[in-house]
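This is what each chain is made of:
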Amino acid sequence: MIKAKNLSKSYRSGNLRSRTTKKAVDDLSFEVETGKVTGFLGPNGAGKSTTMRLMLGLDNGKGSTSYDGKPLNSYQNPSKIVGILLEAKAFHPTRTARNHLKVLAAAGDLPDKRVDEVLDIVGLSDVAKSKPGKFSLGMSQRLGIAAALLGEPKYLILDEPANGLDPEGIAWLRQFIRDYAKQDRGVLVSSHLLSEMSLMADNVVVIGKGKLIADTSIKELVAGRGTSVFVRVDKPAALETALKAADLEYKKETKGITVPAAKTDVIGKLAHSADLTVLELAAKSASLEQVFLELTEGAEEFQAHSKETKK
Amino acid sequence: MMASLKSEFRKLLSVRTTYIITAGVLLFVGFIAFYVEGWRLKPIELAKPDQLSSDVFGALSLSLFGAVIAILQMTHEYRYNTIIYTLTSSNSRSRVLLSKFIVISCYALFLTTLISLLSPIATYLGVHAAGHSLVPQHLYYKDLIWRSLFFGWSYGMIGLVLATIIRSQVGAIVALFITPAAIEPLLTQLLNAKAVYLPFTSLGMVTGGETVKGASITPERGALVFLIYLVISWLVAWYLFLRRDAT
């Protein structure tokens, strides 16, 4: 199990006259269990990459991270403990893909034959002698995944590994990561593709502005938000009156009304008692995306503004 | 440690710039030694018994390119972000830095040896190709070897220490060229005879024997002064390498 404990990291910004300190990661603690895929979610600038770097000792900050109870640098060969993909294009552009991996294999005291094995796993055997400077983003990601797999590590820490992959590549990656975790290994993976995350991850850690927002299983996270009921009737105004009378919150949609945290039979009976004809009645489960947006509301570092909002 | 060393050697030997720069330096040394120092040698210089020795020391100025290789070895890591793999593959940052130190030392000594061998051979061939001959040469091998190797190795170390401290490729290369070409000459105007104790000037004393504002120091003293600067710089570089974020 990876245990990240009280991770904190601050950056100074501004000039000498007006220097400010910004907390990129703020007292963050969570765990990555073996046998499971842990999704790492947060808006842009939430501190996901910084957290991963802190966990690996690449950045200096406060707190500690243990891998099966010991810090990473206490292992003789860290390459066999954790494999990383933090950036797709982390390679010398004119060093061939095979040579790039051979450099990493040597650093991890791994046999050269492992290089060809991982190139085969990620489907880059045909371009092993090519210079990766001209690789597409998807190919670069595959090379990064190959680098992470070199030492057959117990844990994988992957930052946006699906970026740039084609649909087939994403499906392969999803299955690969799930299979990898099943071998009593742990995977921490960040992604902005929430639909992918919901298919891939067992647990999820959500952060915003460097702080922990949620650390739970995806099932619990989504279930905790409950279900809502969408209803369409012949006389919407009458239904609104009935809902108000029943002290139920509701939201008007273009074609109907959504009643959060409700059950279909309750709404159905209410409509019947108000002598309304029900045209549509459906229970809606919250998606991971909805939950994510709800959880991280106000925790975004960068926000787009529409013209209307600017006015 | 062996794993880090092997990886660093592979990094050095798997990029084409290493070969291009090495080949370029050797071609230039060969050309200058053969044509300028050999073929076109004046009669008065043919009679100098230390002509080959001074040719070797002159050619060693190209050890500067050993420093460029050292800079690339370190700054490529930051430029292309491979430092994340280098540091997470090892359980000690000090070990990583020591590996780079050893690999660059080996390369710098290798380059210096090639320059030191090629230069007198090419000069000798150039002189004979022009139909001349040198007077019997006095080659003080022990002196020649330690001064040459120390000079070449030192440039490798200068490059590596600058790259470790500055981390930017352009910044380190600019510092490498600007310091001896502009900063130390300006400081010489301020320090006068004491300028022989400036780092690049003192290193120049190891091979040059020229005077600065009428003053000079022995090669041994020059080497010692330079080593003091180098040790202090390495302590700073080591501390920064341990403490700074790997970005």
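Per chain, the residues get numbers from 1 upward, laid out in the order the sequence is written. Each chain gets a letter, beginning with A, and each ligand a number, beginning with 1, in the order they are written. Since the coordinates come from a predicted model, pLDDT governs what is reported: local features require at least 70, and pairs of side-chain atoms require 80 or more to be given and counted, while whole-chain, interface and lining totals use all residues. Excluding hydrogens and water, the side-chain figures rest on all heavy atoms present in the structure.

J.: Give a detailed account of the overall build of chain A, specifying residues and quantitative values.
T.: Scanning chain A from terminus to terminus reveals 11 helices and 14 strands. Across its three principal axes, chain A shows a C-alpha extent of roughly 75 × 55 × 40 Å. For every residue, the accessible area obtained with a 1.4 Å probe (protein chains only) is divided by the maximum for its type, and the residue is called buried under 20%, exposed over 50%, and partly exposed between those limits. Considering chain A as a whole, with its 311 residues, one finds that 48% of them fall into the buried category. By definition in these notes, contact holds between two residues if any of their heavy atoms fall within 4.5 Å. For chain A, restricting intrachain contacts to residue pairs at least 6 apart in sequence, the fraction spanning at least 24 positions comes to 70%. Only DSSP runs of H or I with at least four residues qualify as helices, and only runs of E with at least two residues qualify as strands; both kinds are numbered from the N terminus onward.

J.: Which residues make up the sheet that holds strand β9 (residues 203-208) of chain A, and what values do they have?
T.: Residue and element names in this part refer to chain A. On the basis of which strands lie adjacent, the open sheet formed by six strands has the order β6-β7-β8-β3-β9-β10 and mixed pairing. The sheet is open, and its two borders are formed by β6 (82-85) and β10 (211-217), each paired with just one other strand. Sheet twist, expressed as the average angle between the axes of neighbouring strands with direction ignored, equals 15°. Strand pairing is defined by DSSP finding a minimum of two bridges between the two strands. In this sheet, β9 lies alongside strand β3 (residues 37-41) in parallel orientation, the contact comprising four bridges. Residue pairing across strands places Leu-41 opposite Val-206, the latter belonging to β9. All axes here are fitted lines through C-alpha atoms, helices being fitted over the stretch that makes contact, and every angle between N-to-C directions spans 0 to 180 degrees.

J.: So what's going on with the packing of helix α1 (residues 2-13) of chain B against helix α7 (residues 93-129) of chain B? Residues and values would help.
T.: Residues and elements named next belong to chain B. One can describe the packing of α1 onto α7 by two numbers: an axis separation of 9 Å at closest approach and a directional angle of 50°. In terms of orientation, α1 lies oblique with respect to α7. Here α1 and α7 pass one another in a crossing that is right-handed. Every residue of α7 that contacts α1 at Ser-4, Leu-5, Glu-8, Phe-9, Lys-11 and Leu-12 is listed here: Ser-99, Lys-100, Ile-102, Val-103, Cys-106 and Tyr-107. Three residue categories are used. Nonpolar comprises Ala, Val, Leu, Ile, Met, Phe, Trp, Tyr, Cys and Pro, charged comprises Asp, Glu, Lys and Arg, and polar comprises the others, including Gly. Its residues placed into classes, the contact of α1 with α7 shows seven nonpolar, two polar and three charged. Reported orientations rely on four angle classes, namely roughly parallel under 35 degrees, roughly antiparallel over 145, roughly perpendicular from 65 to 115, and oblique for the rest. The crossing is said to be left-handed when, going from far helix to near helix, the turn is anticlockwise and less than a right angle, and right-handed when the turn is clockwise.

J.: Tell me what's going on with the packing of aromatic side chains, and back it up with residues and numbers.
T.: Pairing of aromatic side chains here covers Phe, Tyr and the six-membered ring of Trp, requires ring centres within 6.5 Å, and sorts the geometry by plane angle: under 30 degrees stacked, over 60 edge-to-face, intermediate tilted. Overall, the coordinates contain 12 aromatic pairs over all chains when judged by the stated rule. Ring geometry for Phe-101 of chain B and Trp-153 of chain B: centres 6.4 Å apart, planes at 80°, overall edge-to-face. Of this pair, Phe-101 of chain B sits in helix α7 while Trp-153 of chain B is found in helix α8 (residues 141-166), placing the two residues 52 residues apart along the sequence. Look at Phe-101 of chain B and you get partly exposed, because its relative accessible area is 26%. A residue is classified by how much of its surface remains accessible, and Trp-153 of chain B, at 17% relative accessible area, is buried. These aromatic residues form a ring-pair network of at least three members: Phe-101, Trp-146, Phe-150, Trp-153, Phe-226 and Trp-234 of chain B. Just above the ring of Trp-172 of chain A sits the side chain of Arg-142 of chain A; from NZ or CZ to the centre is 5.7 Å. Placement of a charge over a ring requires the Lys NZ or Arg CZ to be within 6 Å of the ring centre, with the centre-to-atom vector within 35 degrees of the ring normal.

J.: I'd love a proper account of the pairing of strand β1 (residues 2-13) of chain A, names of residues and values included.
T.: All names here are of chain A. Pairing between β1 and strand β4 (residues 62-67): five bridges, direction antiparallel. When the bridges of β4 are listed, Ile-2 appears paired with Tyr-67. Relative to strand β2 (residues 20-32), β1 runs antiparallel, the two sharing nine bridges. Bridge assignment links Arg-12 to a residue of β2, and that residue is Thr-21.

J.: Pulling in residues and values, what's your account of a nonpolar patch on the surface?
T.: Residues and elements named next belong to chain B. A contiguous nonpolar patch, built from Phe-31, Phe-34, Tyr-35, Val-36, Trp-39, Leu-117, Ile-121, Tyr-124 and Leu-125 and spanning about 860 Å² of accessible area, is present on the exposed surface. Elements represented by at least two residues in the nonpolar patch include exactly α2 (16-39) and α7. Of all the elements, α2 adds the most residues to the nonpolar patch, at five residues. On the secondary structure map, Tyr-124 appears in helix α7. Note on Tyr-124: relative accessible area 44%, which makes it partly exposed. Patches here: salt-bridge-free residues with over 30% relative accessible area, like charges joined within 9 Å, nonpolar side chains (Val, Leu, Ile, Met, Phe, Trp, Tyr) joined within 5 Å. Here the open area of atoms and residues is found with the Shrake-Rupley method and a 1.4 Å probe, where only the protein chains shown may cover a residue. Whenever Lys or Arg places a side-chain nitrogen within 4 Å of a carboxyl oxygen from Asp or Glu, that contact is recorded as a salt bridge.

J.: Outline the sheet that holds β1 of chain A, supporting the account with residue identities and numerical values.
T.: What holds strands together in a sheet is hydrogen bonding between their backbones, with the strands either parallel or antiparallel. All names here are of chain A. Strand order in the open sheet formed by four strands is β2-β1-β4-β5, and the pairing between neighbours is antiparallel. Strand pairing shows two members of the sheet lacking a second neighbour, β2 and β5 (70-71), which therefore form its edges. Across the face of the sheet, helix α1 (residues 48-55) comes into contact with β1, β2 and β4 while running at roughly 120° to β1.

J.: For the confidence of the model for chain B, give the residues involved together with the corresponding values.
T.: Each residue carries a pLDDT value, the predictor's own confidence for that position, ranging from 0 to 100. Of the residues in chain B, 99% reach a pLDDT of 70 or more, and the chain-wide mean stands at 90. Note on the complex model: pTM 0.84, ipTM 0.87.

J.: Which residues make up unusual backbone geometry, and what values go with them?
T.: Residues and elements named next belong to chain A. Non-glycine residue Lys-209 carries a positive phi angle of around 50°. By relative accessible area, which is 43% here, Lys-209 ends up partly exposed. Positive phi values are uncommon outside glycine, yet Asp-275 reaches one of about 60°. Relative to the helices and strands, Asp-275 is located in the loop between α9 (264-273) and β14 (278-285).

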